[in-house]
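Architecture at a glance
Chain by chain, the residues:
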Amino acid sequence: MTEPTVTSYKQLRRTTDDRVFAGVCGGLGRYFGIDPVVVRVGFAVLAIVTGGAALLAYPVMWLIMPEGPQPAAPVWPNPADPAWGQPTTPVA
């Protein structure tokens, strides 16, 4: 029996870990593979050029774009472990 193939495609989602206001620009930056700061600056320039009309697009995108998954929680060492706090030996 063959395993089903999974099509990998990009999903446009708001970020939960790279957000300033709602994660829209962070999500657009991840989707297009550019720095979210460039998207934020471009959005600000677009808002100035259009006389503020582009500001209406942000809340619309906020409502339409689904929120992305939460980032994984960091793995913290267990203080009850007897090896906790001991120097680690490099693996050769």
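For the structure given in this document, a descriptive report is provided here. Here the structure is a predicted model, which means the values were calculated and not measured.

This structure, assessed with the given rule, holds four aromatic pairs. Plain terms: the ring middles of F21 and W62 are 5.2 Å apart, the flat faces sit at 70 degrees to each other, and that makes the pair edge-to-face. Within this pair, whereas F21 is found in the segment before α1 (24-32), its partner W62 is found in helix α3 (residues 57-64), the two being separated by 41 residues in sequence. Here the aromatic rings of F43 and Y58 are separated by 5.5 Å at their centres, their planes lie at 55 degrees, and the arrangement is tilted. You can see F43 sitting in helix α2 (residues 36-49) and its partner Y58 sitting in helix α3, a full 15 residues away along the chain. For the pair F43 and Y58, a shared accessibility class is recorded, and that class is buried. Every member of this aromatic cluster is reached through a ring pair, and the members are F21, F43, Y58 and W62.

Another point: α1. Of all the positions in α1, only V24, C25, G26, G27, L28 and G29 are classed as buried. Structurally, α1 contributes buried residues whose contacts are with α2 and α3. Looking one or two residues past α1, G33 carries a phi angle of roughly 75 degrees, positive in sign.

What follows is about a nonpolar patch on the surface. Among the surface-exposed residues, V37, V41, V45 and V49 lie close enough to one another that they form a single nonpolar patch of about 360 Å² accessible area. If you trace the backbone, V37 turns up in helix α2.

Reading guide: rules and limits
Residues numbered from 1 in each chain as written. Predicted model: local features only at pLDDT ≥ 70, side-chain atom pairs only at ≥ 80, totals over all residues. Heavy atoms only, no water. Phe/Tyr/Trp six-rings, centres within 6.5 Å; stacked < 30°, edge-to-face > 60°. Helix = DSSP H or I, 4+ residues; strand = E, 2+ residues; numbered from the N terminus. Buried < 20%, exposed > 50% of the residue type's maximum accessible area, 1.4 Å probe, protein only. Contact = heavy atoms within 4.5 Å. Patch = residues over 30% accessible without salt bridge, like charges linked within 9 Å, V, L, I, M, F, W, Y side chains within 5 Å. Areas by Shrake-Rupley, 256 points an atom, 1.4 Å probe, with all protein chains shown as cover. Salt bridge = Lys/Arg side-chain N within 4 Å of Asp/Glu carboxyl O.

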